[in-house]
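Chain by chain, the residues:
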Amino acid sequence: MLENFTNMMTPEFLKYILIPALIGGIAVTLCSSLLGVSMVLKRYSMIGDGLSHVGYGALSVAAVMNLAPMKFALPVVVASALILLKLNDSSRIKGDSAIAIFSTSALAIGILVSSKAGLTNDVSHYMFGSILAMDKNDVVLSVILSLIVLSIFIIFYNKIFGVTFDENFSKATGIKTEVYKIIIAVLTAVTVVLGMMMMGSLLMSSLIIFPAITSMRICKSFKSVILCSGTISVLCFLCGMFISIALDTAPGASVVVINVIMLLIFTIMGKIKSKFM
């Protein structure tokens, strides 16, 4: 294991593959973990899974039509997030049902289009992720959009907090809750599209769900959960990446397994804390 890790740590690998992957991955995992806290608390955590499947369908269509994948998928996923939000608020088709309809339909379209065009292998990395294949342009785009997402989250932190915990009270105090729900939905959609490059559509939702749920095993306040979730997501990502290199395993799956282990550890710690404190 150590020998395999040492052999791969060449200057070229570090400069052109590993460092760009780490920079882009940290930026995306941090965004997804922070937004995941609001998604989990509002019982809308599977939106990441649904939107990632929509993203796969959009990316497959873009590949077939020779369009820029990210530029095509981003507005499609954002529009889908807004539609899901609208359905959840005003339709009989609520949350999980709306997500299921969108995700399965988009996934089927993506598979149908890519298989018909003979591009199944070309778009498979959107399904399973390929973070080590991210080029300079992917990293730059991921970092820029991630900084925008983080900046907006920090600027509207208090409003997002209010909408997350008590939407009716926030509305009564004059906060335009619909606007901030749209902001959360759009930020989540952008993060999902970015995260698909490294995790794939099948595992993207784990970046949103696991850090938030794990931090809630120990932390009780919204701020502490936010900080803990961000820290956990980055640590799990780094551990998963280096383990995948050392053991020659899939990076995305390795990150998820580390998140599962961390959840188990924090669950045990939470039980011990509640018993003795």
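That block above? That's the structure.
Description of the structure in this document.

Conventions adopted
- Residues numbered from 1 in each chain as written.
- Predicted model: local features only at pLDDT ≥ 70, side-chain atom pairs only at ≥ 80, totals over all residues.
- Heavy atoms only, no water.
- Helix = DSSP H or I, 4+ residues; strand = E, 2+ residues; numbered from the N terminus.
- Buried < 20%, exposed > 50% of the residue type's maximum accessible area, 1.4 Å probe, protein only.
- Areas by Shrake-Rupley, 256 points an atom, 1.4 Å probe, with all protein chains shown as cover.
- Axes fitted to C-alpha atoms, helices over the stretch in contact; angles between N-to-C directions.
- Contact = heavy atoms within 4.5 Å.
- Nonpolar A, V, L, I, M, F, W, Y, C, P; charged D, E, K, R; others polar.
- Salt bridge = Lys/Arg side-chain N within 4 Å of Asp/Glu carboxyl O.
- Core = buried A, V, L, I, M, F, W, Y, C linked by side-chain atoms within 4.5 Å.
- Parallel < 35°, antiparallel > 145°, perpendicular 65-115°, else oblique.
- Left-handed = near helix turned anticlockwise from the far one by under 90°.
- Patch = residues over 30% accessible without salt bridge, like charges linked within 9 Å, V, L, I, M, F, W, Y side chains within 5 Å.
- Lys, Arg positive; Asp, Glu negative; His and termini not counted.
- Charge placed at Lys NZ, Arg CZ, Asp CG, Glu CD.
- Phe/Tyr/Trp six-rings, centres within 6.5 Å; stacked < 30°, edge-to-face > 60°.

1. A closer look at the overall build of the protein
Next up, step 1: When you go through the protein residue by residue, the secondary structure sums to 13 helices and zero strands.
Next up, step 2: Each helix (α) and strand (β) of the protein, taken in turn from the N terminus, gives the series α-α-α-α-α-α-α-α-α-α-α-α-α.
Next up, step 3: Here the protein, with 277 residues, has 49% of them falling under the buried criterion.
Next up, step 4: Element-wise, carbon and sulfur atoms account for 70% of the exposed surface of the protein, whose accessible area totals about 13,500 Å².

2. Here's the deal with the packing of helix α10 (residues 177-199) against helix α11 (residues 204-216)
Next up, step 1: Running from N to C, α10 and α11 cross one another at 115°; their axes reach a closest spacing of 7 Å. Along the contact surface, α10 presents Thr-188, Thr-191, Val-192, Gly-195, Met-196, Met-198 and Met-199, while α11 presents Met-204, Ser-206, Leu-207 and Ile-208.
Next up, step 2: For the contact of α10 with α11, the class distribution of residues is seven nonpolar, four polar and no charged.

3. Concerning unusual backbone geometry
Next up, step 1: The backbone of Asn-66 shows a phi angle near 60°, a positive value even though the residue is not glycine.
Next up, step 2: Along the chain, Asn-66 falls in the loop between α3 (47-64) and α4 (69-90).
Next up, step 3: Given a relative accessible area of 72%, Asn-66 falls into the exposed group.
Next up, step 4: With a phi angle near 60°, Asp-248 is a residue other than glycine that sits in the positive phi range.
Next up, step 5: Position of Asp-248 relative to the elements: it lies in the loop between α12 (222-247) and α13 (251-276).
Next up, step 6: What makes Asp-248 exposed here is its relative accessible area of 64%.

4. As for the pattern of salt bridges
Next up, step 1: In the structure shown here, the tally under the stated rule is one salt bridge.
Next up, step 2: Linking Lys-181 and Glu-178 is a salt bridge whose minimum nitrogen-to-oxygen distance equals 3.9 Å. Highlighted residues: Lys-181 and Glu-178, both in helix α10, separated by three residues, approximately one helical turn.
Next up, step 3: What makes Lys-181 buried here is its relative accessible area of 6%.

5. Concerning the nonpolar core
Next up, step 1: Within the largest apolar cluster, 74 residues are counted, with the highest numbers of intra-cluster contacts made by Val-37, Ile-47, Leu-51, Leu-84, Met-198, Phe-237 and Met-241.
Next up, step 2: Sort the elements by how many residues they give to this core and α10 lands first, with 14 residues.
Next up, step 3: Aside from chain neighbours lying at most four places away, what touches Ile-47 is Met-39, Leu-84, Ile-99 and Thr-188.

6. Observations concerning the packing of α3 against α10
Packed helices, taken two at a time, are described by the angle their axes make and the gap between the axes.
Next up, step 1: At a minimum axis separation of 9 Å, α3 and α10 run at an interaxial angle of 60°. Considering their axes alone, α3 and α10 lie oblique with respect to each other. For the pair α3 and α10, the sense of crossing is right-handed. Taken together, the residues of α10 that come into contact with α3 (itself represented by Ile-47, Gly-48, Leu-51, Ser-52, Gly-55, Tyr-56 and Leu-59) are Thr-188, Ala-189, Val-192 and Met-196.
Next up, step 2: Broken down by class, the residue content of the contact of α3 with α10 amounts to seven nonpolar, four polar and no charged.

7. Focus: the environment of Met-46
Next up, step 1: Along the chain, Met-46 turns up in the loop between α2 (11-41) and α3.
Next up, step 2: In this structure Met-46 comes out as partly exposed when scored by relative accessible area, which is 39%.
Next up, step 3: When the C-alpha positions of Met-46 and Ile-208 are compared, they lie 8.6 Å apart, and in sequence the two are 162 residues distant.
Next up, step 4: With residues near it in sequence (within four places) discarded, Met-46 still touches Ile-99 and Ile-209.

8. Thoughts on the environment of Lys-171
Next up, step 1: Looking at the secondary structure, you find Lys-171 in helix α9 (residues 167-172).
Next up, step 2: With residues near it in sequence (within four places) discarded, Lys-171 still touches Thr-177 and Glu-178.

9. A look at a positive patch on the surface
Next up, step 1: A cluster of basic side chains, namely Arg-217, Lys-220, Lys-271 and Lys-273, defines a positive patch on the protein surface.
Next up, step 2: Assignment of secondary structure puts Arg-217 in the loop between α11 and α12.

10. Structural notes on a nonpolar patch on the surface
Next up, step 1: Judged by side-chain polarity, Val-257, Ile-261, Ile-265 and Met-269 come together as a nonpolar surface patch covering roughly 330 Å² of accessible area.
Next up, step 2: The residue Met-269 is located in helix α13 in this model.

11. Notes on the side chain of Ser-205
Next up, step 1: For Ser-205, the position within the fold is in helix α11.
Next up, step 2: On the basis of relative accessibility, which here comes to 10%, the residue Ser-205 falls in the buried class.
Next up, step 3: In contact with Ser-205, not counting residues within four places along its chain, are Gly-48 and Asp-49.

12. Quick look at the packing of aromatic side chains
Next up, step 1: Under the definition given, this model contains six aromatic pairs.
Next up, step 2: Relative to Phe-222, the ring of Tyr-157 has its centre 5.7 Å away and its plane inclined at 45°; by these criteria the two rings are tilted. Pair noted here: Tyr-157 is in helix α8 (residues 157-165) and Phe-222 is in helix α12, with a separation of 65 residues, a long-range link.
Next up, step 3: Given a relative accessible area of 5%, Phe-222 falls into the buried group.
Next up, step 4: Aromatic pair Phe-165 and Phe-222: ring centres 5.5 Å apart, planes at 80°, arrangement edge-to-face. Note that Phe-165 is positioned in helix α8 and Phe-222 in helix α12, a separation of 57 residues in sequence.
Next up, step 5: Using a relative accessible area of 47% as the deciding quantity, one classes Phe-165 as partly exposed.

Purely geometric stuff here, so don't read any function into it on its own.
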